[in-house]
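Here's the letter readout for the chains.
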Amino acid sequence: MRRPLTAAATALAAIASCVAFAAPSSAINTYNSAPAPERTEVGAFVGLYDRDGDGYLDRLRWYCSGTMVDDDTYLTAAHCTTGGLPDDRYFVSLEQDVQGLLDAYDVDHGPVPTDPAALEAYLETKTQYFLDQGWIVEGTPHQDPDYPGNGADSHDIGVVDFADWDVTPQDVWDFIPATLPTAGQLDELGSRALDAADWLTVGYGTSEAVRGPGGHTHPGGGERLKALVDFNALNPTWVRLAMNASRGLGGACYGDSGGPNFVELDGELVLAATTITGDAPCYATNVAYRLDSESARDFLEPFVDLP
Ligand SMILES: [Ca+2]
Ligand SMILES: [Ca+2]
Ligand SMILES: [Ca+2]
């Protein structure tokens, strides 16, 4: 257990590693996964940011996942909302293939400039085009003030809020916000019922590790995919989910951070926990932050009506 599912210490470091690895194609793991066009409440977290800190914005890309939990609040991870610089801007896209849209723009409007000032101007024009097309909506990031917490509770929870913006995701896309759990709901259900239930992980992240001449890479990402996972264990703030290919399961990888892990209860999907970390090559385990805990609910309460 080691990897925040964007990557290391800050969102910017995480973004950087994603950029280095990403190439257009699919997301989540390649095994036992499928596109999820019906999961219209799940979106990509997109940033326009200064990756190298030279004062010029130099990247426009997705780097985490998340879920609309009401009309104007997108739930994600704190390690996705923190670490930016003052001029960075934050967006959510509920489009199915975000990477495809980003790539298509460059085909039509490129080549992408390399000079820092020209690149910043290009990316600002690209961002405005995406806003005008209704492919992204700009919002304000917030995170649990106790993040990064400690071993007992990482407090790795954040939101992008649109309450103070003229345009919200509900103005742009049709979606039904995800259902959050009630207080302590996973404890009340217990491990036996949780193991009997179906679990689904969704996100825009990269594929599992692929061996290459330079070591492991994680290709893909930027497209909304889903995969079945299986309940493994519950502790006070985490749900551990199995994602072994040999068991017919899929799973989450880099860029799926903040994305939903749904448990199906009485035919309804409940957003039980958000993807945070797992095993480095993305073959075995997804470790997700519980949303029915007191601390998660304390953080969410100002942003959304809790069940
Ligand atoms: Ca820069
Ligand atoms: Ca099971
Ligand atoms: Ca709200």
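Residues numbered from 1 in each chain as written. Chains lettered and ligands numbered in written order. Predicted model: local features only at pLDDT ≥ 70, side-chain atom pairs only at ≥ 80, totals over all residues. Heavy atoms only, no water.

A.B. asks: Before we go on, may I ask you to explain the sheet that holds strand 4 (residues 59-70) in this structure?
C.D. replies: Either a parallel or an antiparallel arrangement is found when strands of a sheet pair, and the pairing is made through backbone hydrogen bonds. With antiparallel pairing, 6 strands are arranged side by side around a closed barrel as 3-4-5-8-7-6. Here the average twist between neighbouring strands, direction ignored, is 45°. The sheet contact formed by strand 5 (residues 73-76) and strand 8 (residues 158-161) spans 4 bridges and is antiparallel. Pairing of Thr76 across the sheet is with Gly158, part of strand 8. Its contacts with the sheet place helix 3 (residues 98-109) against strand 3 (42-49), strand 4 and strand 6 (89-93), and it is angled at close to 145° to strand 4. (Pairing = 2+ DSSP bridges. Helix = DSSP H or I, 4+ residues; strand = E, 2+ residues; numbered from the N terminus. Axes fitted to C-alpha atoms, helices over the stretch in contact; angles between N-to-C directions. Contact = heavy atoms within 4.5 Å.)

A.B. asks: Just to check I follow, could you spell out the coordination of the calcium ion (ligand 2) for this structure?
C.D. replies: Metal coordination angles have textbook ideals: 109.5 degrees for a tetrahedral set of four donors and 90 or 180 degrees for an octahedral set of six. Distances from the calcium ion (ligand 2) to its protein donors, Asp195 (O), Asp195 (OD), Asp230 (OD) and Asp230 (OD), fall within 2.2 to 3.1 Å. Placement of Asp195 in helix 6 (residues 185-196) and of Asp230 in strand 12 (residues 225-234) is noted, with a sequence separation of 35 residues between them. Under the relative-accessibility criterion, Asp195 is labelled partly exposed at 40%. (Donors = N, O, S within 2.8 Å, 3.2 Å for Na, K, Ca; no water. Buried < 20%, exposed > 50% of the residue type's maximum accessible area, 1.4 Å probe, protein only.)

A.B. asks: So what exactly am I meant to see when it comes to the side chain of Gln185 here?
C.D. replies: Tracing the chain through its elements places Gln185 in helix 6. For Gln185, the side chain forms a polar contact with the main-chain nitrogen of Thr182, separated by 2.9 Å. Once you skip the residues sitting within four places of it in the chain, Gln185 turns out to touch Leu265, Val270 and Asp292. (Polar contact = N/O pair within 3.5 Å; in protein donor to acceptor, adjacent residues only side chain to side chain.)

A.B. asks: Looking at this structure, how should I read the nonpolar core?
C.D. replies: Generally speaking, soluble globular proteins have nonpolar side chains that are buried together. Residues Phe45, Leu75, Ile157, Leu180, Leu271 and Leu300 are the most contacted members of the largest nonpolar core, which totals 54 residues. For Phe45, the contacting residues outside a window of four places in its chain are Arg61, Trp62, Tyr63, Cys64, Ser65, Tyr74, Thr76, Cys80, Thr81, Tyr90, Phe91 and Val160. Leu194, Leu265, Ala272 and Cys282 belong to the second-largest nonpolar core, a separate cluster that totals 19 residues. (Core = buried A, V, L, I, M, F, W, Y, C linked by side-chain atoms within 4.5 Å.)

A.B. asks: Looking at this structure, how should I read the coordination of the calcium ion (ligand 3)?
C.D. replies: In this structure, Asp70 (OD), Asp70 (OD), Asp72 (OD), Thr73 (OG1) and Phe303 (O) serve as the protein donors to the calcium ion (ligand 3), at separations of 2.3 to 2.9 Å. We note that the donor set of the calcium ion (ligand 3) lies within a single chain, spaced as D-x1-D-T-x229-F. With Asp70 in strand 4 and Phe303 in the segment after helix 7 (294-300), the pair connects residues that are 233 residues apart, well separated along the chain. Just as Asp70 is buried, Phe303 falls in that class too.

A.B. asks: How should the pairing of strand 15 (residues 268-278) be read in this particular structure?
C.D. replies: On any regular strand, side chains alternate: one points to one face of the sheet, the next to the other face. Taken across its 11 residues, strand 15 has 9 buried, putting it largely inside the fold. Here 6 bridges tie strand 14 (residues 260-265) to strand 15, and the two strands are oriented antiparallel to one another. Opposite Pro260, over in strand 15, you have Thr274 as the bridge partner. Bridge count for strand 15 against strand 16 (residues 285-290) is 5 bridges, and the pairing is antiparallel. Bridged to Thr277 within strand 16 is Val287.

A.B. asks: I keep staring at the pattern of salt bridges and nothing clicks. Help me out?
C.D. replies: The final tally for this structure, using the stated rule, is 7 salt bridges. With a shortest N-O distance of 2.8 Å, Arg89 and Glu138 are connected by a salt bridge. One end of the pair, Arg89, is in strand 6; the other, Glu138, is in strand 7 (residues 137-143), and 49 residues separate them in sequence. Residue Lys126 pairs with Asp106 through a salt bridge whose shortest N-O separation is 3.0 Å. In this pair, Lys126 is assigned in helix 4 (residues 116-133) and Asp106 in helix 3, connecting sequence segments 20 residues apart. (Salt bridge = Lys/Arg side-chain N within 4 Å of Asp/Glu carboxyl O.)

A.B. asks: Teacher, can you tell me more about the state of the cysteines here?
C.D. replies: On inspection of all chains with the given rule, the structure shows 2 disulfides. A sulfur-sulfur distance of 2.1 Å marks the disulfide that ties Cys64 to Cys80. With the S-S dihedral at roughly -80°, the linkage between Cys64 and Cys80 falls on the left-handed side. Of this pair, Cys64 sits in strand 4 while Cys80 sits in helix 2 (residues 78-81); the two residues are 16 residues apart in sequence, bridging distant segments of the chain. The burial state of Cys64 is the same as that of Cys80; both residues are buried. (Disulfide = S-S within 2.5 Å.)

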